[in-house]
Amino acid sequence: MAAERTPKLVGTVWGLLVLNTLGSTGAETVVPLPRSLIQMVTMGALVAAFSLALVLNLRLLVRPSAFLFLLTLLLVPSLIASADLESGLGALFRCARLALFVGTLWLLSRWWDGGPTFVRHHIRMYFLVLCTVAAGALVSPGAAMPDLYGGRLVGALWPLTPPQIGQYAAVIIGLAVLLVLGGRTDRRSAALVIVPSLVLLMLTHTRTATLGLLVGLTLAIGSLTLTSAAARRFFSWAVLCAAVAAVVFASALQAWFLRGQSEENFSNLTGRAKVWDALLAAPRTIGEQVFGMGLGDKSFDGLPIDNSWLAVYHEQGLIGIALVAAVFVALGGVALLRPPSLARACAIFLIGYCALASYTEAGLGDASPYLLHLAVAASLLAQPAVATPLPVPDPPRRRVPRWARTSEVT
């Protein structure tokens with residue numbers, strides 16, 4: 001496949017995918033939005049994304065991708081478990097949504113070339129989402145930091161929970177830092193993204209996103225230290241500042257991290273461990289263990305599962321767990337085999353963040369921001385297309401007159 005320029009409308013498709021994965025549940029907004037309306041908008045965004053991607057790629061040119069192949073296989077246990085309608089018609093609807101989501105990523109894979117194009121789309125789109133969060137906090141501070149969520153920042157214009165906002169902020173902060181270190185953007189542009197996103201992250205009090213940011217950046221910058229002097233300087237200063245902050249602000253950091261919770265509540269991960277134990281203890285048939293119960297809303301007995309691996313086990317069974325694990329093995333293995341580069345570092349950051357967040361957040365088995373993060377990592381790890389050399393025409397043959405074609409002299 002010859003190298004080609006990415007159309008600008010690809011960014012629009014990516015924005016529609018981001019809109020689809022925002023979800024329809026969360027805090028109460030300033031202007032009440034019916035959940036049915038939100039679901040109509042998000043699902044309409046996915047249909048529009050698939051249609052636009054199809055128009056941009058009418059020849060159906062795609063890149064071979066182990067990541068997308070494994071996501072396509074994930075549809076099999078989802079359909080098998082959802083076909084008996086035990087989970088209701090909603091399970092089949094979610095299967096159709098996942099199929100459209102994966103199909104759109106297949107169509108976009110034509111432009112996966114190992115460059116930062118999709119990283120920039122990712123940062124722009126999630127920064128726009130964070131701008132709506134900041135606007136909601138300015139318009140109605142009380143609605144943006146309600147007592148229901150312990151004073152943590154939520155979406156007041158669009159229903160977003162603190163973990164969602166923290167996730168979006170942490171991801172674009174990490175990617176922006178890496179782009180600066182790689183010389184792909186200037187410090188002023190990066191600061192316009194990093195500083196407000198960091199403020200929003202702190203206001204959400206989201207521990208998973210904060211730890212994911214720190215761990216992901218440590219892995220990513222560590223992969224650049226042997227080849228980048230800027231990465232080595234940043235890593236050294238970061239370690240020094242972290243050590244000083246840990247000593248000087250130890251009590252404040254501990255209070256922020258605990259969020260006023262008791263030690264017992266903190267030890268069982270805000271009640272998550274009780275839900276996990278109940279899910280694992282629930283009786284299941286062999287078929288339910290292998291294929292799961294069908295795609296649902298990532299809850300068990302009305303309580304959120306908040307663990308990607310247990311959510312996949314509950315909905316897509318052991319086969320689903322094996323496929324999701326294979327996704328991380330494939331992406332991580334390719335990243336380790338690549339030579340040090342900015343693209344590799346960004347991919348390592350996204351893979352590391354998603355792996356850590358999977359312990360307390362669900363979403364790896366369905367259309368979600370986490371699959372979009374991993375899709376960006378897959379685009380960064382794709383080999384650049386090699387331009388096919390143009391054929392060189394043969395030189396024109398010289399026409400020889402008929403009288404000169406014979407050597408006989410008359």
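Residues numbered from 1 in each chain as written. Predicted model: local features only at pLDDT ≥ 70, side-chain atom pairs only at ≥ 80, totals over all residues. Heavy atoms only, no water.

Tallied over the full model, the rule gives five aromatic pairs. The interplanar angle of 70 degrees and the centroid separation of 5.3 Å between the aromatic rings of Trp14 and Phe118 together place this pair among those described as edge-to-face. Of the two residues, Trp14 sits in helix H1 (residues 9-20) while Phe118 sits in helix H5 (residues 117-139), which places them 104 residues apart along the sequence. Here the two residues Trp14 and Phe118 agree in accessibility, since each one is buried. Their ring planes at 70 degrees and their centres at 5.3 Å tell us that Trp276 and Tyr359 sit as a pair that is edge-to-face. Of this pair, Trp276 sits in helix H13 (residues 272-281) while Tyr359 sits in the loop between helix H16 (342-357) and helix H17 (369-381), placing them 83 residues apart in sequence. Judged by its relative accessible area of 48%, Tyr359 falls in the partly exposed class. (Phe/Tyr/Trp six-rings, centres within 6.5 Å; stacked < 30°, edge-to-face > 60°. Helix = DSSP H or I, 4+ residues; strand = E, 2+ residues; numbered from the N terminus. Buried < 20%, exposed > 50% of the residue type's maximum accessible area, 1.4 Å probe, protein only.)

Enumeration according to the criterion identifies one cavity of 30 Å³ or more in this entry. Size it by volume and the largest cavity reaches roughly 30 Å³. Contributing to the lining of the largest cavity are Leu71, Val324, Val327, Phe328, Leu364, Leu371 and Leu374. Going through the elements one at a time, helix H15 (308-337) and H17 are the ones with two or more residues in the lining of the largest cavity. When residues in the lining of the largest cavity are grouped by element, the largest group, three residues, is from H15. Tallied by class, residues from the lining of the largest cavity come to seven nonpolar, no polar and no charged. (1 Å grid on protein atoms, 1.4 Å probe; cavity = no way out; pocket = protein on both sides within 12 Å on 5 of 7 lines; lining within 4 Å. Points joined across faces, edges and corners; volume = space filled by probe spheres on them. Nonpolar A, V, L, I, M, F, W, Y, C, P; charged D, E, K, R; others polar.)

What follows is about the layout of surface pockets. Here the second largest pocket defines a volume of roughly 920 Å³. In this structure, the second largest pocket is lined by 24 residues; those nearest its centre are Leu198, Leu213, Leu214, Ala238 and Ala242. Residue assignment for the lining of the second largest pocket shows that the elements contributing at least two residues are helix H7 (162-181), helix H8 (187-204), helix H9 (207-222), helix H10 (229-248) and helix H11 (250-258). Of all the elements, H10 adds the most residues to the lining of the second largest pocket, at eight residues. Grouping the constituent residues of the lining of the second largest pocket by class yields 22 nonpolar, two polar and no charged.

With that out of the way, let us pick up the pattern of salt bridges. Evaluated as defined, the whole model comprises three salt bridges. Between Asp306 and Arg272 there is a salt bridge, and its shortest N-O distance comes to 3.5 Å. Linking Asp306 in the loop between strand E2 (303-304) and H15 with Arg272 in helix H13, this pair joins segments that are 34 residues apart in sequence. Relative accessible area serves as the criterion here: at 22%, Asp306 is assigned to the partly exposed category. One salt bridge in this structure joins Lys298 and Asp366, with 3.0 Å as the shortest N-O distance. (Salt bridge = Lys/Arg side-chain N within 4 Å of Asp/Glu carboxyl O.)

Taking 1.5 Å per residue as the helical rise, helix H2 (residues 35-56) with its 22 residues ought to reach 32 Å, and the 31 Å between its terminal C-alpha atoms agrees with that figure. Regarding H2, the residues found buried are Ile38, Thr42, Met43, Ala45, Leu46, Ala49, Ala53 and Leu56. Seen along its axis, H2 keeps its buried residues to an arc of 155 degrees; they face one direction. Structural note: H2 exposes Met40 and Val55 on the side pointing more than 90 degrees away from its buried face. (Expected span 1.5 Å × (residues − 1). Arc of directions from axis to C-beta.)

Take the environment of Val119 next. The topology assignment puts Val119 in helix H5. What makes Val119 buried here is its relative accessible area of 1%. As for Val119 and Leu179, which are separated by 60 residues in sequence, their C-alpha atoms are 9.1 Å apart. Val119 has contacts with Leu175, Leu179, Val376 and Leu380, leaving out every residue within four places of it along the chain. (Contact = heavy atoms within 4.5 Å.)

So, about the nonpolar core. Ranked by internal contacts, the top residues of the largest apolar core, which has 100 residues, are Trp14, Leu17, Phe67, Leu105, Leu108, Trp112 and Leu374. Broken down by element, the residue count for this core peaks at 13 residues, all from H7. Contacts of Trp112, omitting those with residues within four sequence positions, involve Arg63, Ser65, Phe67, Leu68, Leu105, Phe118, Ala375, Ala378, Ser379, Ala382 and Gln383. Counting eight residues, the second largest nonpolar core, distinct from the first, contains Trp276, Leu279, Ile305 and Leu310. (Core = buried A, V, L, I, M, F, W, Y, C linked by side-chain atoms within 4.5 Å.)

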